[in-house]
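# Commentary on secondary and tertiary structure
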Amino acid sequence: MLPRSLGPQPPGFSRRRMLGTVANGFGLLGLAGLVTEANAREISGEAGPATLPLGKKRPHHAPKARRVIFLFMNGGPSHVDLLDPKPRLAADHGKPLPFEKPKLARTTTENLMASPYRFAQHGQSGIEVSELFPNLASCVDDVCVIRSMVADNINHPNACLQMFTGEQIFSRPSLGSWLLYGLGNETKDLPGFVAICPSGADAALWGSSFLPASFQGTRVADVTHPIANLVNDRLTGEQQRRQLDLVNSLNQRHRLPREEDSRLSARIESFELAFRMQMQAPEAFDIGREPEATRRLYGLHQPHTETFGKQCLIARRLVERGVRFVQLHTEVNWDHHTGIKTALPACCAGTDLPVSGLLKDLKSRGLLDETLVIWGGEFGRSPVAQKGDGRDHHPYGFTMWLAGGGVRGGMVHGATDEFGWYAVEDQVHIHDLHATILHLLGIDHEQLTYRYGGRDYRLTDVYGKVIKAIIY
């Protein structure tokens, strides 16, 4: 309420105007701490029109990629059993690790354990791939395998947080949110950032943290019924349009005599997006429209590949329609403390065909060149045994791969030691991965900042270097 001493107020006399007039405007000092410099840039148009917080924005440099699909194998796939063959493990199977382990260790582990799976060279590049990935092997010339990834945390929650936000403990905006903030959305009818996550992972992995809420990901938990409350059974499309027009006119009248508030602009746009999605989202998620040959390409004809196949096919349909960032979490868990000989093959069998189908489909449609595909988990697995036939968490050297979007295919970058323990050649930290992803989409990771709490934040904090060797 306004102070009684002010008496009757003229039309348009708002609380914000009062702060600017009473006591020589001293009250605006507090307001200045809430309305950050980054919000001011967003409002001014430097980061996009105020009425369209998700409007398309100009990149820092010419991009190689326009969109991203992140295939996240939650739990940590075993690099030494899949994409980083180690003959020394076979030679020294059952022997103790010949050097001291890091002090950061979760459990007591056993002796060295050889991979029970054969590796063979594939494609013109001759990259070695495990027999557990026969379909990925057929696409290996389009893939850049990074065998020298390192992370900083050995536990799942913190390692996942770092993989998607760059930070292990504190709340920070996710990778997809940073991209949406930096580049905006290419489509007005669908969310710019979608996280398909049937397993129910931590919402922080697709959250916007201190970035405006309009940049957070839209979670899809059920690919059969992807978005709740999408159909309005009470109002026709024309009635909804009239209702929205009324609400918007009231919001505009409220906004005119006041300073711009990006939260109100984002709320107005969210109403409009929800209305437009009623027309576009059902079509985008309707994989029944796909021909049988495409459905089989993704493995929808087999029970063990159907779930992840649907996720991958929906991801292609979304990026095809302009969605900026699609994040997929596998329903199966790659956390194999036991079962390297039983559970790991099941995980591979459920994802190998859908992943290769996605790569082949994107390539055949001319979309792979402008779509960056990322595969990996939060860390790898140890070269030593655990509980007889399992492997423990391993952030010291593990494997991820990238394809499309300006990345050189048919190459291996970096290496771990002869046991697969430490990354010893061309080490790639998660900060470096993030810097490279942003670079490929036309963003300088050092320039993409957001002022919050008195400092400028960025995805890579004060770290990160672009992996130029993998970019063509």
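Let me sum up the structure you'll find in this document. (Residues numbered from 1 in each chain as written. Predicted model: local features only at pLDDT ≥ 70, side-chain atom pairs only at ≥ 80, totals over all residues. Heavy atoms only, no water.)

## Here we look at the overall build of the protein chain
The secondary structure content of the protein chain amounts to 14 helices and 17 strands. Across the 472 residues of the protein chain, 53% fall into the buried class. About 21100 Å² of surface is accessible on the protein chain, with carbon and sulfur atoms providing 51% of the total. (Helix = DSSP H or I, 4+ residues; strand = E, 2+ residues; numbered from the N terminus. Buried < 20%, exposed > 50% of the residue type's maximum accessible area, 1.4 Å probe, protein only. Areas by Shrake-Rupley, 256 points an atom, 1.4 Å probe, with all protein chains shown as cover.)

## Overview of the packing of aromatic side chains
Evaluated as defined, the whole model comprises 20 aromatic pairs. Taking 5.9 Å as the distance between ring centres and 35 degrees as the angle between the ring planes, the aromatic pair formed by Phe99 and Tyr422 counts as tilted. Here Phe99 is found in the loop between α5 (87-91) and β2 (119-122), whereas its partner Tyr422 is found in the loop between β13 (415-416) and β14 (423-425), with 323 residues between them in sequence. Taking the relative accessible area as the measure of exposure, Tyr422 reaches 30% and is therefore partly exposed. Three or more aromatic residues link up through ring pairs in this structure, and these residues are Trp178, Tyr181, Phe210, Phe215, Tyr450, Tyr452 and Tyr457. Between the NZ or CZ atom of Arg455 and the centre of the ring of Tyr457, over which it lies, the distance is 4.0 Å. (Phe/Tyr/Trp six-rings, centres within 6.5 Å; stacked < 30°, edge-to-face > 60°. Lys NZ or Arg CZ within 6 Å of the ring centre and 35° of its normal.)

## Describing the nonpolar core
One recurring pattern in soluble globular proteins: nonpolar side chains tend to sit buried together. Core analysis: the largest hydrophobic core is formed by 53 residues, its most contacted members being Leu71, Leu82, Leu318, Val326, Leu359 and Trp401. Residue contacts for Leu82: discarding those within four places in its chain leaves Pro77, Phe119, Val129, Ser130, Leu132, Phe133, Trp334, Leu344, Cys348 and Trp375. The next biggest cluster of nonpolar side chains, apart from the first, holds 51 residues, and it includes Ala195, Cys197, Phe325 and Met411. (Core = buried A, V, L, I, M, F, W, Y, C linked by side-chain atoms within 4.5 Å. Contact = heavy atoms within 4.5 Å.)

## Looking at the pairing of β2
In terms of strand pairing, β2 meets strand β3 (residues 127-130) through four bridges, oriented antiparallel. Each bridged residue has a counterpart across the sheet, and for Phe119 the counterpart in β3 is Ser130. Joining the antiparallel neighbours β2 and β3 is a turn of four residues, in which Gly123 adopts a positive phi near 70 degrees. (Pairing = 2+ DSSP bridges.)

## Things to note about helix α13 (residues 343-364)
The terminal C-alpha atoms of α13 lie 33 Å apart, and with 22 residues this matches the ideal 32 Å at 1.5 Å per residue to within 8%. At Thr351, α13 shows its maximal bend, which comes to roughly 30 degrees, and the proline Pro354 appears one to four places after that position. Two residues or fewer past α13, Gly366 is found with a positive phi of approximately 75 degrees. (Expected span 1.5 Å × (residues − 1). Bend = angle between axes of the 7 residues up to and from the residue.)

## Considerations on empty space enclosed by the protein
Here the structure, examined in full by the defined rule, presents two cavities of 30 Å³ or more. Around the second largest cavity, the lining residues are Phe133, Leu136, Thr351, Asp352, Val355, Trp375 and Trp401. Among the elements that line the lining of the second largest cavity, the one with the most residues is α13, at three residues. Of the residues assigned to the lining of the second largest cavity, the class counts are five nonpolar, one polar and one charged. (1 Å grid on protein atoms, 1.4 Å probe; cavity = no way out; pocket = protein on both sides within 12 Å on 5 of 7 lines; lining within 4 Å. Points joined across faces, edges and corners; volume = space filled by probe spheres on them. Nonpolar A, V, L, I, M, F, W, Y, C, P; charged D, E, K, R; others polar.)

## Some remarks on the packing of helix α12 (residues 303-320) against α13
Contact geometry for α12 and α13: axes closest at 8 Å, N-to-C directions at 25 degrees. With respect to α13, the axis of α12 lies roughly parallel. The hand of the α12/α13 crossing is right-handed. Here His304, Thr305, Phe308, Gly309, Cys312, Leu313, Arg316 and Val319 of α12 come into contact with α13, specifically with Ala349, Gly350, Thr351, Leu353, Pro354, Val355, Leu358, Asp361 and Leu362. Residue classes in the contact of α12 with α13 are distributed as ten nonpolar, five polar and two charged. (Axes fitted to C-alpha atoms, helices over the stretch in contact; angles between N-to-C directions. Parallel < 35°, antiparallel > 145°, perpendicular 65-115°, else oblique. Left-handed = near helix turned anticlockwise from the far one by under 90°.)

## A short note on the side chain of Arg67
Tracing the chain through its elements places Arg67 in strand β1 (residues 67-72). You can call Arg67 buried: its relative accessible area is 5%. A polar side-chain atom of Arg67 sits 2.8 Å from a polar atom in the side chain of Glu186. In terms of polar contacts, Arg67 uses its side chain to reach the backbone carbonyl oxygen of Val319, at 3.2 Å. For Arg67, the contacting residues outside a window of four places in its chain are Glu186, Val319, Gly322, Val323, Arg324, Glu370, Thr371, Leu372 and Leu441. (Polar contact = N/O pair within 3.5 Å; in protein donor to acceptor, adjacent residues only side chain to side chain.)

## Overview of the packing of helix α7 (residues 156-165) against helix α14 (residues 430-440)
Packing of α7 against α14 brings their axes to within 9 Å, and their N-to-C directions diverge by 30 degrees. The angle between the axes of α7 and α14 places the two elements in the roughly parallel class. Facing α7, whose interface residues are Gln162, Met163, Phe164 and Thr165, α14 presents Ile430, His431, Leu433 and His434. Here the residues of the contact of α7 with α14 are counted per class, giving four nonpolar, four polar and no charged.

## Comments concerning the state of the cysteines
This structure, assessed with the given rule, holds zero disulfides. A disulfide-free cysteine, Cys197 has its sulfur positioned 10.0 Å from the sulfur of Cys160, the nearest such atom. Given the relative accessible area of 0%, Cys197 is considered buried. (Disulfide = S-S within 2.5 Å.)

## A short note on the pattern of salt bridges
Think of it this way: side chains of opposite charge can pair up when their charged atoms draw near. Inspection of the entire model under this criterion finds 30 salt bridges. Two residues, Arg451 and Asp456, come together in a salt bridge whose shortest N-O distance is 3.2 Å. Residue classification places Arg451 among the partly exposed positions, given a relative accessible area of 25%. One salt bridge in this structure joins Asp461 and Arg455, with 3.2 Å as the shortest N-O distance. Classification of Asp461 by relative accessible area gives partly exposed; the value is 30%. A residue is classified by how much of its surface remains accessible, and Arg455, at 33% relative accessible area, is partly exposed. Each of Glu283, Glu290, Arg316, Arg317, Glu320, Arg321, Asp361 and Arg365 takes part in salt bridges that share partners, so that together they form one network. (Salt bridge = Lys/Arg side-chain N within 4 Å of Asp/Glu carboxyl O.)

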